[in-house]
Amino acid sequence: MTQGVGKVVCDLTISVDGYSAGLDQTEERPFGDDGGDGTGEKLHAWMFDTPDENRAELDRLAAAKAFIMGRNMFGPVRGAWDRPWNGWWGENPPFHAPVFVLTHHAREPQPMDGGTTYHFVTDGIESALAQARAVAGDGDVAVQGGATTVNQYLAAGLIEELRLHIAPLTLGAGTRLFEGVPPLKLEQIASRAASQVTHVTYRVLS
């Protein structure tokens, strides 16, 4: 890798059987049938219930200099932008950096408080990555999700480091990591068990 260029990384919380969200997602239940109330609180309990125990992983998650996400992760609005929607995270989102949202429907950039600006990319995953790399400089670019977006980047060979946070539950169906992704060769470079999650980091070799 060229010195001075950050990595393309992915942090994703999944169930033991590989799902990042359940079936039947709605605006009120963005994670669908997730074993709880549909807000992902069981999947993501490690972030919110035991943050001190997982501080290193949370800090690393927030350290990227640019982020990429799919439109489904950004929000529930489908088709044309027929109403205001600026993400699930309120006026001061946790990213504090440019976020590139994959969509088929053009929209002007949306600045938010705290340094986050959402940019809407209509010409595909490679374009979003090129734009994110340009603003990230020597920092990392994080592909946030959801799993469908991560799978597109994995299938294209564009993710260098895959950081999975495996929650101790199964969902049985939903949006699944590695769906439609060719076989990958991975090198495990770190793992750590905590009370509500197991963190495993892989280098993607091919």
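The structure this text deals with has already been given above.
Definitions and limits used
Residues numbered from 1 in each chain as written. Predicted model: local features only at pLDDT ≥ 70, side-chain atom pairs only at ≥ 80, totals over all residues. Heavy atoms only, no water. Salt bridge = Lys/Arg side-chain N within 4 Å of Asp/Glu carboxyl O. Helix = DSSP H or I, 4+ residues; strand = E, 2+ residues; numbered from the N terminus. Buried < 20%, exposed > 50% of the residue type's maximum accessible area, 1.4 Å probe, protein only. Pairing = 2+ DSSP bridges.

Colleague: Any chance you could explain the pattern of salt bridges here in plain terms?
Modeller: Two side chains bearing opposite charge may form a pair once their charged atoms approach each other closely. Here the structure, examined in full by the defined rule, presents nine salt bridges. One salt bridge connects R192 with E57, and the closest N-O pair in it is separated by 3.0 Å. Placement of R192 in strand β10 (residues 186–193) and of E57 in helix α2 (residues 55–61) is noted, with a sequence separation of 135 residues between them. With a relative accessible area of 8%, E57 lands in the buried category. A salt bridge links E161 to R163; the shortest N-O distance between them is 3.0 Å. Residue classification places R163 among the buried residues on the basis of a relative accessible area of 4%. Taken together, the shared-partner salt bridges in this structure form one network comprising D11, D140, E161 and R163.

Colleague: I'm lost on the pairing of strand β4 (residues 98–102) in this one. Help?
Modeller: Residues in a regular strand point their side chains to alternate faces of the sheet. Summarising burial for β4: four of the five residues are buried, a large majority. Taken together, the four bridges between strand β3 (residues 66–70) and β4 define a ladder with parallel strand orientation. Residue pairing across strands places G70 opposite L102, the latter belonging to β4. Summarising the sheet, β4 and strand β6 (residues 117–121) pair through five bridges and their orientation is parallel. Within β6, the residue paired with P98 across the bridge is T117.

Colleague: Sorry, what's going on with helix α5 (residues 147–155) here?
Modeller: Since the α-helix turns once every 3.6 residues, residues separated by three or four places project in the same direction. If you check which residues of α5 are buried, you get A147, T149, V150, N151, Y153 and L154. Once α5 ends, the next one or two residues include G157, with phi positive near 70°.

Colleague: What is the right way to read the sheet that holds β10 from this model?
Modeller: Across a sheet, strands are paired by hydrogen bonds formed along the backbone, either parallel or antiparallel in direction. Spatial strand order, β5-β6-β4-β3-β7-β1-β8-β11-β10: nine strands in an open sheet with mixed pairing. Each edge of the open sheet is held by one strand with a lone partner, namely β5 (110–111) and β10. The pairing of β3 with strand β7 (residues 141–145) spans four bridges and is classified as parallel. Residue pairing for β7: A66 is matched across the bridge by V141.

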